[in-house]
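The chain contents come next:
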Amino acid sequence: MDPEISPTENKVIDSHLHVQAETIDRCLRVMDENHIRYGMNIGIGGENFQKFQKAYQPHKDRLGMMYIFEWGKWQEDPDYVNRAPDLLEAAVEQGAHGVKIWKNLGLTVKDPQGNLVSIDDERLLPIWQRAQDIGCLVAFHTVDPVAFFEPWNSDNERWEELELHPDWSFADRSVYPPRDEVLDQRNNVIKAFPDLKFQCVHGANFSENLDVVDQWMDQMPNMYVDTSARLGEFGRHPASAGKAFFEKHQDRLMFGTDRIFGKEGDVQGAGPTKIFSREEDQWFYNTHWRYFQTEDKQFDHPTPIQGNWKIDGIGLSTDALNKLYWDNAFKLYGLGQYGVA
Ligand SMILES: [Zn+2]
């Protein structure tokens, strides 16, 4: 591939990465080496939130953060859910751009009586209401890839990934609700709070079916979608369909990688935890640029563990690229006030 390929205007916001107080330096170095001017630390809770909140102060022009609830506490403390709106507001006062609602809500989070809690449970309504009142963004990572809800055997196309993460299988219908039902619960909340903005991560958790995501984005003008850890899935569609989707929704799609900068090592969207060489990192980011900016055919996608297929580039227009890489996240996160440039 052309080694010269790089993002338009040479600057990108990664709307979906993970970083800890202890890994900020490594994160900033990798960002610097790969055109990433700003990264959203999407979802950090408990002690790690407090530590990160202190550590990232000198880097507010490079990094932002979103709060994450500790739903496990609801089990021991029935009042946790009632305190949640205040916890959220306190996190926003400490700098959080929003709250990330992880996949455990809808799949495993239980109330103190031991009942599975649905995302549109009325006990959670005050949380969304408060977020709307204080202008706080909500990021939803709801369910997981289609394959994780299908029987876990050697016919499953994500067999290799499930081997690495057995706890990512939600195929057991006696334990987990159907995938579509949980996505409907998420969409019910998005529709009920039209003035609240939602970042639906991982291609709104249905990049396997662009027609459905297209309909959702038509129905819900407050739904924003990030591309993190789903280039393999996006790239599986015919390039013409991928291009049509990214051009049509160019005002609400945001670049993201799901790059994890962890204390035990890093993850490139999906796959093993390790420390990557500079070349490995450049390959990872370059593959993203190649997908969005070229019409190259049949190249490896950035997260090979997700499945053994090749992707075709979609060669987006300059307008769509600038919005995807920068403008949409810049506006959604209100980055003008942080000196991000
Ligand atoms: Zn993530």
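See the structure shown above.
The structure contained in this document is the topic of the report that follows. Each chain has its residues counted from 1, running along the sequence as written. The model is predicted, so local features are restricted to residues of pLDDT at least 70 and side-chain atom pairs to those at 80 or more, both for listing and for counting; the totals for chains, interfaces and linings are taken over all residues.

Side note on the packing of helix α4 (residues 80-93) against helix α6 (residues 125-134)
Running from N to C, α4 and α6 point in directions that differ by 30 degrees, and their axes come no closer than 8 Å. For the element pair α4 / α6, the angle class is roughly parallel. Two packed elements cross with a definite hand, and for α4 against α6 that hand is right-handed. Residues Ala-84, Pro-85, Leu-88, Glu-89 and Val-92 of α4 pack against Pro-126, Ile-127, Arg-130, Ala-131 and Ile-134 of α6. Of the residues in the contact of α4 with α6, the class split is eight nonpolar, no polar and two charged. Lines fitted to C-alpha atoms define the axes here, with helix axes fitted over just the stretch in contact, and angles between the N-to-C directions of these axes take values from 0 to 180 degrees. Here a strand is any run of E in DSSP of at least two residues, a helix any run of H or I of at least four, and the numbering for each starts at the N terminus. By the definition adopted for this analysis, an angle is roughly parallel if under 35 degrees, roughly antiparallel if over 145, roughly perpendicular if from 65 to 115, and oblique otherwise. By definition, any crossing whose near helix is turned counterclockwise from its far helix by less than a right angle is left-handed, and any crossing with a clockwise turn is right-handed. C-beta atoms are first placed from the backbone for all residues, and any pair lying within 7 Å is then listed as a contact. Put simply, Ala, Val, Leu, Ile, Met, Phe, Trp, Tyr, Cys and Pro go in the nonpolar bin, Asp, Glu, Lys and Arg in the charged bin, and everything else, Gly too, in the polar bin.

Here we look at the environment of Asn-286
Among the structural elements, Asn-286 can be located in helix α13 (residues 278-293). Asn-286 sits 282 residues away from Glu-4 along the chain, and the two C-alpha atoms are 9.6 Å apart.

Quick look at the sheet that holds strand β3 (residues 63-68)
Any two strands are treated as partners once DSSP identifies two or more bridges connecting them. Taken together, ten strands build an open sheet; the order of strands is β8-β7-β6-β5-β4-β3-β2-β1-β9-β10 and the sheet is mixed. Pairing within the sheet leaves two strands with one partner each, and these edge strands are β8 (253-254) and β10 (265-268). Pairing of strand β5 (residues 137-140) with strand β6 (residues 198-200) involves three bridges; the strand directions are parallel. Note that in β6 the partner of Ala-139 across the bridge is Gln-199. Across the sheet, helix α1 (residues 24-33) lies against β1 (12-19), β2 (36-44) and β9 (259-262), angled at about 140 degrees from β2, the strand it touches most.

Things to note about unusual backbone geometry
Although it is not a glycine, Val-143 sits at a positive phi angle of roughly 50 degrees. By the secondary structure assignment, Val-143 is in the loop between β5 and α7 (159-164). One non-glycine residue, Gln-298, lies in the positive phi region at around 50 degrees. Looking at where Gln-298 falls in the secondary structure, it is placed in the loop between α13 and β11 (299-300). Exposure in this text rests on C-beta crowding, where 20 or more other C-beta atoms within 10 Å of a residue's own make it buried, 12 or fewer make it exposed, and counts in between make it partly exposed. The C-beta atoms are placed from the backbone. Here Gln-298 falls in the exposed class, since 10 other C-beta atoms lie within 10 Å of it.

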